[in-house]
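Here are the chains, one letter per residue:
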Amino acid sequence: MKESEKKELNLRDILLRDSFTASEKLHFIALFLVLIILSWSLNNQSIWVSSFIFLIGLTSIFNLKIHDITNPFIIDKLWKKYFYYNIPALIILFIYLLGSLDEALVKVSINEEEYLLLSSPNWLGSTITFKETCIFFLGSIFSFSLVTQILIIPKSLHFISKFLFWCSINALLSGIIGFIFKAANLSKPLFTTGTKQGDYFSFFPYDSDWACFALLWMFVSYGLAKVEFIKNKNALLRSNTSILLSACIILGLSGIIVEPSFASLALILSFAYLCKDCVKNFGKFDPVFNQIKPYILGLIIGSISYGIYILNKLNFLDSTVLHLRESSLAMISDNYLFGWGTHSFQKLLPFYSNNNLLNRNYESVPSSVLNFIVEYGFVGFIAIISYICFFFIKYYLKKQKNDFSDTLFIGLFLIVLISFFENTFYNSAVSFSFLLISFFAIRWSLLIYKRVDEVDTNNHLITKDTLRNVPVVTNPKKEIFK
């Protein structure tokens with residue numbers, strides 16, 4: 001069904017659609033609080049951050065019951081849907097808990113000296129970092145659970161556009177702070193202990209982490225800008241379009257001042273693509289663009305030129321990276337089914353490292369794909385991949401395509417591509433943003449093609465008599481006058 005073929009809503013339905021229920025307000029606050037804390041915390045995997053996210057995610061389950069009570073429209077099989085959406089998280093949780101039963105990393109005493117010994121794990125796998133990572137892991141599971149509620153709770157495009165607008169503002173402010181830190185040449189971000197390294201941006205410990213975060217929210221800002229531009233009848237200055245385009249520019253240009261990486265290359269080339277698309281979509285409707293078009297063309301040329309410079313700087317055959325990948329493959333071969341558990345690479349590396357890596361500490365393998373298989377094996381990896389493929393195939397087969405969701409999916413696809421070359425999902429702010437945007441893109445594609453009272457149900461207004469909860473008169477009507 002085309003968007004233009006939708007039936008008009010009456011005033012009551014419009015009011016119900018554009019006013020937030022109690023559950024929507026709580027969901028909005030919970031999601032935004034988690035994003036704020038993750039994006040403004042240098043160590044967003046600390047025990048305090050993980051505990052806070054764990055509590056928010058746990059209490060959000062009760063919000064589903066509130067939604068079941070306060071939502072004015074019919075919802076089919078709410079709890080069953082919630083269970084289906086969280087199947088990958090439950091599989092990984094099962095793998096994690098199952099591995100905790102085996103201790104592959106044990107302490108042994110030799111000549112009164114204690115050493116760590118790595119024994120061969122059983123076929124059920126081994127979680128060697130259970131005590132150190134259990135709070136972080138549970139926080140990640142419940143943050144995933146919180147994000148999946150996007151497919152259940154928001155009932156309008158108004159909710160999505162408003163939430164993503166404030167998320168874009170958050171990314172814009174984070175980018176401005178990052179520019180200020182770089183200009184001041186600070187050795188570490190303010191109010192933090194730092195990372196003892198200079199390649200940070202804003203409150204992100206590594207430049208590549210920021211580049212992935214900026215890439216995601218740059219596409220969100222641009223997609224929202226197009227929506228706002230059309231909604232406000234092509235008025236650039238009388239809407240949020242100008243603010244959102246400014247966010248795109250700040251986020252895109254940040255790729256110039258961060259360290260060269262595959263992520264920064266994707267960011268700067270994506271910025272050039274969006275500048276080109278901006279001229280195409282906005283230039284023919286607003287006279288302002290006719291005046292600034294030369295500057296936009298300059299940004300395109302400059303971005304492509306700098307992208308070529310980054311490409312020449314990248315070393316895809318770096319010996320350290322190759323050795324780390326060899327070590328990760330050896331770890332996978334010894335425990336390929338269920339993996340070694342969360343953040344296990346750092347503890348396993350001394351047992352699998354190449355001689356060239358001795359006396360050096362590495363947190364993770366420079367590839368999210370390999371790192372995930374090391375931690376959760378092929379069972380966990382297949383569960384996640386199958387889950388992602390299910391939603392994307394459903395999106396295309398059911399012809400739910402729309403311009404806004406397509407724009408968001410471009411950014412998501414680029415992050416997946418980067419994950420083969422860098423550990424993009426190691427930073428919690430990036431992984432949470434990826435999930436957040438993915439589910440909002442899917443939810444938008446459902447809401448834009450269906451009436452607000454038909455999104456979560458297949459019921460019809462005309463119900464079978466056997467299913468009615470009110471008496472039904474089947475005899476001929478008799479009028480009695482008194």
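Throughout what follows, the structure given in this document is the object of discussion. Predicted model, so just to flag it, every value in this text is computed and none were measured.

## Quick notes on the overall build of the protein chain
So, step 1. If you tally the helices and strands in the protein chain, you get 16 helices and 2 strands.
So, step 2. Sorting the 482 residues of the protein chain into buried and exposed places 50% on the buried side.
So, step 3. In the protein chain, the share of contacts with a sequence separation of at least 24, taken over all contacts with a separation of at least 6, comes to 77%.
So, step 4. Looking at the protein chain as shown, the accessible area adds up to about 25200 Å², and 63% of this sits on carbon and sulfur atoms.

## Observations concerning empty space enclosed by the protein
So, step 1. Taken as a whole and judged by the stated rule, the model has 1 cavity of 30 Å³ or more.
So, step 2. Empty space within the largest cavity amounts to approximately 50 Å³.
So, step 3. Around the largest cavity, the lining is made up of 15 residues, and of these Asn71, Phe73, Lys155, Val452 and Asp456 lie nearest the centre.
So, step 4. Here the lining of the largest cavity is built from residues that sort into 7 nonpolar, 3 polar and 5 charged.

## Here's the deal with the nonpolar core
So, step 1. Counting 100 residues, the largest nonpolar core has Trp217 and Leu436 as its most contacted members.
So, step 2. Counting residues per element, this core draws most heavily on helix H8 (residues 207–231), which supplies 15 residues.
So, step 3. Residue contacts for Leu436: discarding those within four places in its chain leaves Leu31, Leu35, Val147, Ile150, Phe163, Cys167 and Trp217.
So, step 4. Counting residues in hydrophobic clusters, the runner-up holds 19 residues, among them Ala104, Trp340, Tyr362 and Ile373.

## Some details on the packing of aromatic side chains
So, step 1. If you walk through the whole model with that rule in mind, you get 36 aromatic pairs.
So, step 2. Here the aromatic rings of Phe20 and Phe159 are separated by 5.2 Å at their centres, their planes lie at 55 degrees, and the arrangement is tilted. Taken together, the residues Phe20 in the loop between helix H1 (11–18) and helix H2 (22–39) and Phe159 in helix H7 (residues 157–184) connect sequence positions 139 residues apart.
So, step 3. Centroid distance Phe28 to Phe163: 5.1 Å. Interplanar angle 90 degrees. Geometry classified as edge-to-face. Of this pair, Phe28 sits in helix H2 while Phe163 is found in helix H7, placing the two residues 135 residues apart along the sequence.
So, step 4. Judged by its relative accessible area of 0%, Phe163 falls in the buried class.
So, step 5. In this structure an aromatic cluster arises from ring pairing among Phe20, Phe28, Phe32, Phe159, Phe163 and Phe440.
So, step 6. The ring centre of Tyr200 lies 5.7 Å from the NZ or CZ of Lys182, which sits over that ring.

## Points about helix H13 (residues 345–352)
So, step 1. All of the buried residues along H13 are Phe345, Leu348, Leu349 and Tyr352. When H13 is viewed along its axis, its buried side chains cluster within an angular range of 120 degrees and face the same direction.

## A short note on a nonpolar patch on the surface
So, step 1. A cluster of nonpolar residues, Leu311, Phe316, Leu317, Leu322, Phe413, Val416, Leu417, Phe420 and Phe421, forms a patch on the protein surface that exposes about 850 Å² of accessible area.
So, step 2. No other element matches helix H15 (residues 403–418), which puts 3 residues into the nonpolar patch.
So, step 3. Summarising the element assignment, Leu417 is placed in helix H15.

## Topic: the packing of H2 against helix H16 (residues 428–447)
So, step 1. Relative orientation of the contacting elements H2 and H16 amounts to 150 degrees, with a least axis distance of 8 Å. Regarding the angle of H2 to H16, the classification is roughly antiparallel. Crossing handedness for the pair H2 and H16: left-handed. Residue-level inspection shows Leu31, Val34, Leu35, Leu38 and Ser39 of H2 in contact with H16, the latter providing Ser428, Ala429, Phe432, Ser433, Leu436 and Phe440.
So, step 2. Of the residues that constitute the contact of H2 with H16, the class distribution is 8 nonpolar, 3 polar and no charged.

## Comments concerning helix H9 (residues 241–257)
So, step 1. Compared with an ideal rise of 1.5 Å per residue, which puts 17 residues at 24 Å, H9 spans 25 Å between its outermost C-alpha atoms and is within 8% of the ideal.
So, step 2. Of the positions making up H9, those classed as buried are Thr241, Leu244, Leu245, Ala247, Cys248, Leu251, Gly252, Ser254 and Gly255.

## Remarks on the state of the cysteines
So, step 1. Evaluation of the coordinates by the stated rule reveals 0 disulfides.
So, step 2. In this model Cys248 remains outside any disulfide bridge; the closest cysteine sulfur is found in Cys278, 8.0 Å from its own.

## A word on the environment of His343
So, step 1. Tracing the backbone through its elements, the reader meets His343 in the loop between helix H12 (319–334) and H13.
So, step 2. A C-alpha to C-alpha distance of 9.1 Å links His343 and Val374, two positions 31 residues apart in sequence.
So, step 3. Apart from residues lying up to four places away in sequence, His343 is in contact with Gln45, Thr129, Thr133, Phe136, Glu375 and Tyr426.
So, step 4. A polar contact is formed between the side chain of His343 and the side chain of Gln45, at a distance of 3.3 Å.

## A closer look at the pattern of salt bridges
So, step 1. Inspection of the entire model under this criterion finds 6 salt bridges.
So, step 2. One salt bridge connects Lys347 with Glu132, and the closest N-O pair in it is separated by 2.6 Å. Separated by 215 residues along the polypeptide, Lys347 in helix H13 and Glu132 in helix H6 (residues 130–148) bring together distant segments of the chain.
So, step 3. What makes Lys347 partly exposed here is its relative accessible area of 33%.
So, step 4. For Glu132, a relative accessible area of 51% gives the class exposed.
So, step 5. Residues joined by salt bridges that share partners form a network here, namely Lys226, Asp277 and Asp403.

About the cut-offs
- Along every chain, residues carry numbers that run from 1 in the direction the sequence is written.
- Local features in this predicted model are restricted to residues of pLDDT 70 or higher, and side-chain atom pairs are both shown and tallied only at a pLDDT of 80 or more, whereas totals for entire chains, interfaces and linings draw on every residue.
- The basis for the side-chain values is all heavy atoms of the structure; hydrogens and waters are excluded.
- Runs of E in the DSSP output that reach at least two residues are strands. Runs of H or I that reach at least four are helices, and both are numbered from the N terminus.
- Buried, partly exposed and exposed residues are distinguished by accessible area as a fraction of the type maximum, computed with a 1.4 Å probe on protein chains only: under 20%, between the cut-offs, and over 50%, respectively.
- Throughout, a contact is declared for two residues whenever any of their heavy atoms are within 4.5 Å.
- Surface accessibility in these figures is a Shrake-Rupley result with a 1.4 Å probe; residues are shielded only by whichever protein chains are displayed.
- In this analysis a 1.4 Å probe is tested at points of a 1 Å grid over the protein atoms alone, and where it fits but cannot get out there is a cavity; an open set with protein on both sides within 12 Å along at least five of seven lines is a pocket; lining residues have an atom within 4 Å of a point.
- Grid points are joined across faces, edges and corners, and a volume is the space filled by probe spheres set on the points.
- Only Asp, Glu, Lys and Arg are considered charged in this grouping, and only Ala, Val, Leu, Ile, Met, Phe, Trp, Tyr, Cys and Pro are considered nonpolar; every other residue, Gly among them, is considered polar.
- Grouping buried Ala, Val, Leu, Ile, Met, Phe, Trp, Tyr and Cys residues that are joined through side-chain atoms within 4.5 Å yields what is termed a nonpolar core.
- Aromatic pairs are defined between Phe, Tyr and Trp rings, using the six-membered ring for Trp, whenever the two ring centres lie within 6.5 Å; interplanar angles under 30 degrees are classed as stacked, those over 60 as edge-to-face, and all others as tilted.
- Each ring is checked for a lysine NZ or an arginine CZ that lies within 6 Å of its centre and within 35 degrees of its normal; such an atom marks a charge sitting over the ring.
- This arc describes the spread of directions from the helix axis toward the C-beta atoms.
- Like-charged residues are merged into a patch within 9 Å and nonpolar side chains (Val, Leu, Ile, Met, Phe, Trp, Tyr) within 5 Å, provided each residue has over 30% relative accessible area and no salt bridge.
- Basic side-chain nitrogens of Lys or Arg form a salt bridge, by our definition, when they fall within 4 Å of a carboxyl oxygen of Asp or Glu.
- Between N-to-C directions, angles cover 0 to 180 degrees, with each direction set by a line fitted to C-alpha atoms, over the stretch in contact for helices.
- Here is the rule for angles: anything less than 35 degrees is roughly parallel, anything more than 145 is roughly antiparallel, 65 through 115 is roughly perpendicular, and the remaining ranges are oblique.
- Working rule for handedness: look at the near helix, and if it is turned counterclockwise from the far one by less than a right angle, call the crossing left-handed; if clockwise, right-handed.
- Helices are assigned an expected span. That span is 1.5 Å times one less than the residue count.
- In this description, the term disulfide denotes a pair of cysteine sulfurs within 2.5 Å.
- Nitrogen and oxygen atoms within 3.5 Å of one another constitute a polar contact, given that in protein one can donate a hydrogen and the other can accept it, and given that sequence-neighbouring residues count only through two side-chain atoms.

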